[in-house]
Amino acid sequence: MGVQGSSGRYDVLVLGGGAAGLMCARVAGQRGRRVAVVEHMPEVGKKILISGGGRCNFTNLEVAPDRFLSANPHFAKSALKRYTQWDFISLVSDYGIAWHEKTLGQLFCDQSAQQIVDLLLRDCAEVGVEILTSAPVRDVTRAPEPNGGFAVRTESGTLRAPSLVVATGGPSIPKLGATAFAYDLARDFGLPLIEPRPALVPLTLQPADKALAAPLSGLAVDSAVTANGTTFREATLFTHRGVSGPAVLQASSYWQAADLHAGAHAGGRKRAAAAPADLRGLPVRFDLLPEVSDPDWLVAAKAARPRQQLQTVLGEVLPQRLAQRLAAQLADGAGADDRPLAEWPDRALRRIVQQLKDWQLVPAGTEGFAKAEVTVGGVDTAALDSRTMQARDVPGLYVIGEAVDVTGWLGGYNFQWAWSSGWAAGQAV
Ligand SMILES: Cc1cc2nc3c(=O)[nH]c(=O)nc-3n(C[C@H](O)[C@H](O)[C@H](O)COP(=O)(O)OP(=O)(O)OC[C@H]3O[C@@H](n4cnc5c(N)ncnc54)[C@H](O)[C@@H]3O)c2cc1C
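Residues numbered from 1 in each chain as written. Predicted model: local features only at pLDDT ≥ 70, side-chain atom pairs only at ≥ 80, totals over all residues. Heavy atoms only, no water.

Looking up the protein chain in an unreviewed UniProt entry gives the name Aminoacetone oxidase family FAD-binding enzyme, with the organism given as Rhodovibrio salinarum. For the record of the protein chain, the UniProt heading Cofactor (unreviewed entry) holds the text "FAD". (UniProt positions renumbered as here; feature names shortened; annotations may be inferred.)

A few points about unusual backbone geometry
We note that Cys-56 has phi near 55°; this positive angle belongs to a residue other than glycine. Among the structural elements, Cys-56 can be located in the loop between helix H2 (46–50) and strand E3 (57–60). Although it is not a glycine, Leu-200 adopts a positive phi angle of roughly 45°. The exposure class of Leu-200 is buried, given its relative accessible area of 3%. (Helix = DSSP H or I, 4+ residues; strand = E, 2+ residues; numbered from the N terminus. Buried < 20%, exposed > 50% of the residue type's maximum accessible area, 1.4 Å probe, protein only.)

Some remarks on helix H12 (residues 346–357)
With 12 residues, H12 extends 17 Å from end C-alpha to end C-alpha; this agrees with the ideal 16 Å at 1.5 Å per step. Residues of H12 that are buried include every one of Ala-348, Leu-349, Ile-352, Val-353 and Leu-356, and no others. The buried residues of H12 occupy one face: seen down the axis, they fall within an arc of 140°. Buried residues belonging to H12 abut strand E17 (284–287), helix H9 (297–304), helix H10 (310–314), helix H11 (320–330) and strand E18 (359–361). (Expected span 1.5 Å × (residues − 1). Arc of directions from axis to C-beta. Contact = heavy atoms within 4.5 Å.)

A closer look at the site of the ligand
For the ligand, the set of nearby residues contains 30 residues, the closest of which are Ala-20, Glu-39, Thr-179, Glu-402 and Phe-415. Within the contact set of the ligand, an oxygen atom lies 3.1 Å away from a backbone nitrogen or oxygen of Ala-19. Contact distances for the ligand include 3.2 Å between a nitrogen atom and a backbone N or O atom of His-40. Calculation on the ligand without its partners gives an accessible area of 990 Å², and the protein chains cover 93% of this total. For the shell around the ligand, the elements supplying multiple residues, two or more each, are helix H1 (19–30), H2 and helix H13 (413–428). The element best represented in the shell around the ligand is H13, accounting for four residues. Here the residues of the shell around the ligand sort into 12 nonpolar, 14 polar and four charged. (Near = heavy atom within 4 Å. Polar contact = N/O pair within 3.5 Å; in protein donor to acceptor, adjacent residues only side chain to side chain. Areas by Shrake-Rupley, 256 points an atom, 1.4 Å probe, with all protein chains shown as cover. Nonpolar A, V, L, I, M, F, W, Y, C, P; charged D, E, K, R; others polar.)

If you want it as structure tokens, here you go:
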């Protein structure tokens, strides 16, 4: 779609036709604003379409500010409170989209993520929002005061508006059209950045740990995974390169953030200009026996079943393949794992339980933006008004969604942030 058919003048230009941008455009349009969405891909809402295995985990029943990471943990409160998960659930239900809770408050469409995109596009169309696709932005300029206003030059013409909303997301998964455009634009307009890093991302392991994990590739285990003091009780999945699965993805955001947000409580911030943090040395801790609370569990098993091998007993609470491998590793020697429990000193059995409940791995790194579901960091919230998402020092400029330094947990929280921040800006533009 080109710019022809209009004068190129609007009340609001929204850069990026993703979750936040479409929500913002819809709300601004409903308020009678003349809105254009500028999307560089041939279609809008790509991440919505592939999310949640094609069923879009569109929000979470448990949305609360403590489910979000940010250098300012209070920033997200206002938008999340003004446009809640219940508001989005009503919208979805009113549109006749059937949904269900999968686990841990995560809500998914029964049928298809396409329904969420259709909902947003229908509402946008009803209020005359123009959606320009395949429209890469060449540059953005701001007219001098007092008139201000923004000019956005695309391949098919120049668009102008007094309000410009940056909704181009973060750089996670470039093959879906993700770019770091928001950060470049923020820099151009003097907005500070919190160093962006991949989050909700598989972790890679050091060679020795990888040698243990790689043969277990594909295996999932119930676990409680802790990074930087925050614990997630979900599955860990072993991969060829390291570890993944929901518990690890969640922990990755905190592991990434360990240094990044370290100064937040003291009011400090790590800006993008600072040297990259050295993440090596920070362990991620795995409780592979989350159902076992008794440190004498194996000692009791020995008393009850002295002839059984360690791997047999471990195999009752862990997948067999993992039990075998761990038994061999924990036994510290070839063949030692054949011993019946009776031959194991109580002390050694207690140590094994302790090791399995606090297995510490120091990741080598992450699988990077190519595999990350989201980005931690982004436009520093200190530069934005939490009620409107408007840049404090650049009137008319708004930043919403993943481009902002607010990152949700896995499970629908990131879309809720996109809806809430998009709604907040949509009310203000
Ligand atoms: C595989 C995957 C699955 C996910 N599943 C879920 C889930 O189930 N639940 C959940 O809550 N979150 C999920 N997420 C995260 C969620 O998709 C994002 O947090 C959310 O889409 C962010 O919304 P946004 O509008 O800020 O950015 P996006 O949805 O990424 O939208 C940004 C838009 O801007 C466009 N754009 C980028 N650069 C430019 C440019 N220079 N010019 C013009 N347009 C541009 C992009 O093409 C895109 O359309 C998932 C992410 C991935 C990658």
